[in-house]
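Tertiary structure, described
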Amino acid sequence: MYKFPKDSKLNKPEFLFGVATASYQIEGATNVDERCPSIWDTFCAKPGAVYKQHNGDVACNHYNLYQQDVDLISSLGVDAYRLSIAWPRIIKTDGSVNQKGLDFYDRLISALEEKNITIMATLYHWDLPQYLEDKGGWLNRETSVKFAEYTDVVSSYFGDRISFYVTLNEPWCSAYHGYRYGIHAPGIADEKSGFLACHNLLLAHGMAMPILRKNASNSKHGIVLNFTPNYPVDDSSIEAAQFADDEHSHWFLKPLIDGKYPESVYNHFLDVMPVIESTDMQIISEKIDFLGVNFYSRSMVSNARQGKVSDTILQKLDRAEIRMQESNDVLDDDTKAEKLQKLMNQKGIHYNSVDLEEVERTHIGWEVHPEALLKLLTDLNQTYQLPPIYITENGAAVDDQLVGGKIDDEQRYRYYQNHLSMVDQAIKLGVDIRGYFAWSLMDNFEWAEGYKMRFGIVYVDYETQTRTLKRSAIKFQEFLNARKQGLL
Ligand code: IFM
């Protein structure tokens, strides 16, 4: 089982342990009960957008198997479950409320309540209704207003039955992957659009906060951000790494906490900055009760004058900017790198992402570097006046093999043990961390990677929809049972 020092807060029942999922990644049933299409249904249908053109039509069929999945969650012994609510199930194309959508979440929430499982619900985990995208999606300020209205519907219906409301999951991904790099839905690759989407997403969050407070006054309300801290490859790249952090982390956190965008990035991208209305920053910086931190890996950067362009960046450009410039031409990596360098020079980009060799990586190619989680948490704690933190996602993609009915996901087990130990250390260094959610409860639709990447602690056989606990899940079970019995 997972083990921590005797005096660790993680051993105490007050520290919340949970598992996390998201609607489009597990629910399936995209065509039932008057659910509207989402931008992900549209994106998945685009040739070449998603691995093998997989989609969320069936996924883990959780919409129908939710009772069995709640039993599974309960059998793990966790305290909490982080789910997301699908906007396209709740608000119909004509703006009216879809009672059938609310009923589904009512059934799910009731099943969780019966098992005494604390609920953290995300209102937006990337599945924007397509009818809103047709009017500009997150490039249209009106979408933020629509989000506030949808928040009102959900939170007035469920109120305090949901203990933690999360407005947005990873606005970085929605804005940058969706509208700047074009590798996620809706597939727009444009710098200006990326920053505009970002601003409207943060506005949507800010507009939703007072509504949540009014409708669920005993619940906690916050937002979830993803962090991939940037490390310099050498001394000449320290400034580059700082700029990359400003662009990717502080660009989201600083407005939320301090009511300002980082100046370095604002000035650098001046010609593509969105119009910021006079009260916007005040709306965005509405006080939050908690910050959700998603962490998977770190990123290495060099100053833009040197270094080999990383495979990750090449993949991004493959699908986005270069692909668009070169239409259907197939380019080899060196040509792509050369073109990318040219593109970066044109834009005056400060840094390159670099892949280190001979480091441990997960199946998706992300470096395993638990110490970066500790550094991130202590750095954030020093830089900002933060509310309590929940680690809302952390986990590893592994090329799991079902052998003799068992999955020995040694790498994932080790990943959890080492990252949880960093959480323990961060708490000891004064960071107020109140809980931890493993990503993910079960294997699911990994966005542009389709079903190729498995992040679950529970294995899903997509043919039969059978769930099997992996070794990493059994270790959670053992640890949480021992904790419940006061044996730690
Ligand atoms: O699967 C995703 C999740 O939806 C958002 N955070 C990162 C996970 C792994 O890529």
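Just above sits the structure.
Below you will find a few notes about this structure. (Residues numbered from 1 in each chain as written. Predicted model: local features only at pLDDT ≥ 70, side-chain atom pairs only at ≥ 80, totals over all residues. Heavy atoms only, no water.)

1. Looking at the overall build of the protein
When helices and strands are tallied, the protein shows 18 helices and 13 strands. Taking 488 residues into account, the globule formula puts the C-alpha radius of gyration at 23 Å, and the protein, at 21 Å, falls close to it. Residues counted as buried form 61% of the 488 residues belonging to the protein. A fraction of 78% describes how many contacts in the protein between residues 6 or more apart in sequence connect residues 24 or more apart. Surface summary for the protein: the accessible area is close to 19300 Å², and the carbon and sulfur share equals 49%. Computed over 50 positive and 68 negative side-chain charges, the separation of the two mean positions in the protein equals 4 Å. (Helix = DSSP H or I, 4+ residues; strand = E, 2+ residues; numbered from the N terminus. Rg over C-alpha atoms; globule rule 2.2 N^0.38 Å. Buried < 20%, exposed > 50% of the residue type's maximum accessible area, 1.4 Å probe, protein only. Contact = heavy atoms within 4.5 Å. Areas by Shrake-Rupley, 256 points an atom, 1.4 Å probe, with all protein chains shown as cover. Lys, Arg positive; Asp, Glu negative; His and termini not counted. Charge placed at Lys NZ, Arg CZ, Asp CG, Glu CD.)

2. Description of helix α8 (residues 171-180)
Residues separated by three or four positions in an α-helix point in the same direction, a consequence of the helix having 3.6 residues per turn. Counting buried residues along α8, 10 of its 10 residues qualify, which places the element largely inside the surrounding structure. Where α8 is concerned, the buried positions are Pro171, Trp172, Cys173, Ser174, Ala175, Tyr176, His177, Gly178, Tyr179 and Arg180. Just downstream of α8 lies Gly182, where phi reads positive at about 75°.

3. Digging into the environment of Glu247
Along the polypeptide, Glu247 turns up in helix α10 (residues 238-258). Taking the C-alpha atoms as reference, Glu247 lies 15 Å from Arg298; in sequence the two are 51 residues apart. In contact with Glu247, other than residues within four places in its own chain, are Tyr176, Arg180, Phe252, Val265, Phe269 and Tyr351.

4. Observations regarding the packing of helix α7 (residues 142-158) against helix α9 (residues 191-215)
One way to put it is that α7 packs onto α9 with a least axis distance of 8 Å and a crossing angle of 25°. Taken together, α7 and α9 sit at an angle that is classed as roughly parallel. The two elements α7 and α9 meet at a crossing, and its hand is right-handed. Of α9, the residues touching α7 (which contributes Ser144, Val145, Phe147, Ala148, Thr151, Asp152, Ser155 and Ser156) are Asn200, Leu203, Ala204, Met207, Ala208, Ile211, Leu212, Lys214 and Asn215. Among the residues forming the contact of α7 with α9, the class breakdown is nine nonpolar, six polar and two charged. (Axes fitted to C-alpha atoms, helices over the stretch in contact; angles between N-to-C directions. Parallel < 35°, antiparallel > 145°, perpendicular 65-115°, else oblique. Left-handed = near helix turned anticlockwise from the far one by under 90°. Nonpolar A, V, L, I, M, F, W, Y, C, P; charged D, E, K, R; others polar.)

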